[in-house]
Amino acid sequence: AFELQLASSGRVIPVQAHQSALAALLAAGLDIPMSCEQGVCGTCLTGVRAGTPDHRDQYLTDEERAANDRFLPCCSRALSPRLVLEL
Ligand code: FES
């Protein structure tokens, strides 16, 4: 499990082991565009301000992955205890 923090409000949203980061954001009432939910389409792309994503998508390039400034919350998780998102 890890936490997401919204950069705009400071709100912290926990992500349980059994749920995706996207599911946690939607359950918290955020309106995140999505489509494939498999890390393929890129629709759910979300900016990351701090923390290290655990990229599990097939959409970003290796360079984009290494930059750690965006991730795909439908499938990717976190290597750090918290990700601060551009939301
Ligand atoms: Fe398609 Fe996340 S919804 S990559």
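These remarks concern the structure in this document. (Residues numbered from 1 in each chain as written. Predicted model: local features only at pLDDT ≥ 70, side-chain atom pairs only at ≥ 80, totals over all residues. Heavy atoms only, no water.)

So, the overall build of the protein
Then comes step 1: Looking only at helices and strands, the protein features two helices and seven strands.
Then comes step 2: Across the protein, helices and strands are ordered from the amino to the carboxyl terminus as β-β-α-β-β-α-β-β-β.
Then comes step 3: For 87 residues, the compact-globule estimate of 2.2 N^0.38 gives 12 Å, and the C-alpha radius of gyration of the protein, at 11 Å, lies within 12% of that figure.
Then comes step 4: In terms of overall dimensions, the protein has C-alpha extents of about 30 × 25 × 25 Å along its principal axes.
Then comes step 5: Long-range contacts, defined here as pairs at least 24 residues apart, represent 50% of the contacts in the protein between residues at least 6 apart.
Then comes step 6: When the accessible area of the protein is evaluated, it comes to approximately 4,600 Å², of which 46% is carbon and sulfur surface.
Then comes step 7: Where the 7 positive side-chain charges of the protein centre and where its 10 negative ones centre are 7 Å apart. (Helix = DSSP H or I, 4+ residues; strand = E, 2+ residues; numbered from the N terminus. Rg over C-alpha atoms; globule rule 2.2 N^0.38 Å. Contact = heavy atoms within 4.5 Å. Areas by Shrake-Rupley, 256 points an atom, 1.4 Å probe, with all protein chains shown as cover. Lys, Arg positive; Asp, Glu negative; His and termini not counted. Charge placed at Lys NZ, Arg CZ, Asp CG, Glu CD.)

Some remarks on the side chain of serine 76
Then comes step 1: Summarising the element assignment, serine 76 is placed in the loop between β5 (70-71) and β6 (77-78).
Then comes step 2: Residue class for serine 76 comes out buried when judged on its relative accessible area of 1%.
Then comes step 3: Among the polar contacts made by the side chain of serine 76, one reaches the main-chain amide nitrogen of arginine 56 at a distance of 2.9 Å.
Then comes step 4: The contacts of serine 76, once residues within four sequence positions are left out, are Ala21, Asp54, His55, Arg56, Asp57 and Phe71. (Buried < 20%, exposed > 50% of the residue type's maximum accessible area, 1.4 Å probe, protein only. Polar contact = N/O pair within 3.5 Å; in protein donor to acceptor, adjacent residues only side chain to side chain.)

In short, shape yes, function no, at least from these values alone.
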